[in-house]
Amino acid sequence: MSKLRIENLTKRYGSTLAINGVSLDIRDHEFLVLLGPSGCGKTSTLRCIAGLETPDEGTIFVDEMDVTDLPTRDRDVAMVFQSYALYPHMTIYENLAFPLRTRHMTKDDIASRIKEVGELLRIADLLQRKPKQLSGGEAQRVALGRAIIREPKAFLMDEPLSNLDAILRLYMRAELKKLQKELGTTTIYVTHDQAEALTMAERVAIMNHGALQQVADPKTIYERPSTRFVAGFIGNPPMNLLDCEVVSQDDDHAMLEFSDFKCRLPLHGMDDTKSIDGKKVFGIRPEHIIVSKTQNSGVQGEIYVVEPLGSEVIIDVKVGNSIMKVKSVQFEGSPGEKLWLEFPEKKIHLFDVSAQ
Ligand SMILES: Nc1ncnc2c1ncn2[C@@H]1O[C@H](COP(=O)(O)OP(=O)(O)OP(=O)(O)O)[C@@H](O)[C@H]1O
Ligand SMILES: [Mg+2]
């Protein structure tokens, strides 16, 4: 069993507040992805959990044991970095043996453990090479091997695939997910790549400016983002977000006034209609907008630019002075053409202006 718990973690570097009161529970066997933009505090959080950084406030528990003041080696967690941090002068075998030797394992036990991990990660043929004689993917597997080999309570992985090219990255993403399932080791995986987060995670924890924004499974994060930050960060392209004001409301419709157009919004699909008044942020995902070249009850717009992506197309539509992105499977059109956009009621999100 190995659970991790962080309570009210805070870390400052001089005047920079890198982590701002983060509390998070990571379940036994869980693959949790910590996602957020550059500088939001992901690496700092991992380094605090690993014991490589001292938090200013907060407590870190591994299996209900307070490890906040324990040195790294006594926490029994293994960190995998973006740069593989293999010892260049040692062979792969020696690199793998190193964490075991420091634990005083016998030579025979070390050899059999390396054999096991070598087979698991398909690096058994590479053991006599030096790190510089490996491809990126091989070096990555060795780095994982070094974390796995001593069977830690948890893996802390900081963008471990970011040095790989796009194709190898996709391949390693799937491999790593499968491996984590097989080993069942509780894992926190840091990335700023939302596709990586949504495809790999059991739960995603989204951070911004040192604070947690939402912690949920990928489906919930996509379908019910709790803040406008999450809505605008997830999705490719992310959700369209426009300021609006709810100016009138009857039993089943609300009138939304945008800076230069209006939209009548049916209310029966919304979760909580009572709170719909005043200034709001209207959100709809590009893939949920229905686009039509014939006039309908939707909002009128004009094609600004069309971006074909092979299997689908992104249409930038000018509505008033705003640009809305629409994702469609099949569409042909040219800039300046008029079209009409419909927003299916169940796909509309309204966020509070104050929520970040
Ligand atoms: N050793 C340090 N000294 C001073 N400031 C630091 C230090 N390490 C991190 N910071 C600052 O703390 C904030 C959080 O940094 P952190 O490295 O945790 O971000 P990150 O989310 O991992 O970003 P990235 O995706 O770019 O790796 C940033 O503003 C960064 O500049
Ligand atoms: Mg980082």
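Residues numbered from 1 in each chain as written. Chains lettered and ligands numbered in written order. Predicted model: local features only at pLDDT ≥ 70, side-chain atom pairs only at ≥ 80, totals over all residues. Heavy atoms only, no water.

## Re the side chain of Asp 316
No. 1: Of note, Asp 316 is situated in strand S17 (residues 313-319).
No. 2: Judged by relative accessible area, Asp 316 falls into the buried class, the value being 8%.
No. 3: Discounting residues that sit within four places of it in the chain, Asp 316 has contacts with Glu 302, Ile 303, Tyr 304, Val 305, Glu 307, Ile 323, Met 324 and Lys 325. (Helix = DSSP H or I, 4+ residues; strand = E, 2+ residues; numbered from the N terminus. Buried < 20%, exposed > 50% of the residue type's maximum accessible area, 1.4 Å probe, protein only. Contact = heavy atoms within 4.5 Å.)

## As for helix H5 (residues 166-183)
No. 1: Compared with an ideal rise of 1.5 Å per residue, which puts 18 residues at 26 Å, H5 spans 26 Å between its outermost C-alpha atoms and is within 8% of the ideal.
No. 2: Next to the buried residues of H5 lie strand S3 (31-35), helix H3 (107-120), helix H4 (136-148), strand S7 (154-158), strand S8 (186-191) and helix H6 (194-200).
No. 3: Trailing H5 by a residue or two, Gly 184 shows a phi angle of about 70 degrees, which is positive. (Expected span 1.5 Å × (residues − 1).)

## Topic: the sheet that holds strand S18 (residues 322-328)
No. 1: Read from one edge to the other, the open sheet built from five strands follows the order S15-S19-S16-S17-S18, with strand pairing classed as antiparallel. Every other strand in the sheet has two partners, leaving strand S15 (290-292) and S18 as the edge strands with one partner each. Within this sheet the neighbouring strands show an average axis-to-axis angle of 40 degrees, counted without direction. (Pairing = 2+ DSSP bridges. Axes fitted to C-alpha atoms, helices over the stretch in contact; angles between N-to-C directions.)

## Quick notes on the domain arrangement of the chain
No. 1: What the domain assignment reports for the chain is domain 1 (4-233) and domain 2 (240-352).
No. 2: Distance from the C-alpha centre of domain 1 to the C-alpha centre of domain 2: 39 Å.
No. 3: Between domain 1 and domain 2, the residue contacts involve nine residues of the former and nine residues of the latter.
No. 4: Together domain 1 and domain 2 conceal approximately 720 Å² of surface at their shared face, both sides included; 56% is due to carbon and sulfur atoms.
No. 5: Of all residues in domain 1, Tyr 222, Arg 228 and Ala 231 bury the most surface against domain 2, accounting for 71% of the area lost on that side.
No. 6: Counting the contacts that link domain 1 with domain 2 gives zero salt bridges.
No. 7: Remark: the boundary between domain 1 and domain 2 carries two residue pairs in polar contact (both at pLDDT 80 or more).
No. 8: Listing elements by their share of the side of domain 1 that touches domain 2, those giving two or more residues are helix H7 (218-223) and helix H8 (228-233).
No. 9: Of the residues in the side of domain 1 that touches domain 2, the class split is four nonpolar, three polar and two charged. (Domains from an automatic or database assignment. Buried area = accessible area lost by both parts, 1.4 Å probe. Salt bridge = Lys/Arg side-chain N within 4 Å of Asp/Glu carboxyl O. Polar contact = N/O pair within 3.5 Å; in protein donor to acceptor, adjacent residues only side chain to side chain. Nonpolar A, V, L, I, M, F, W, Y, C, P; charged D, E, K, R; others polar.)

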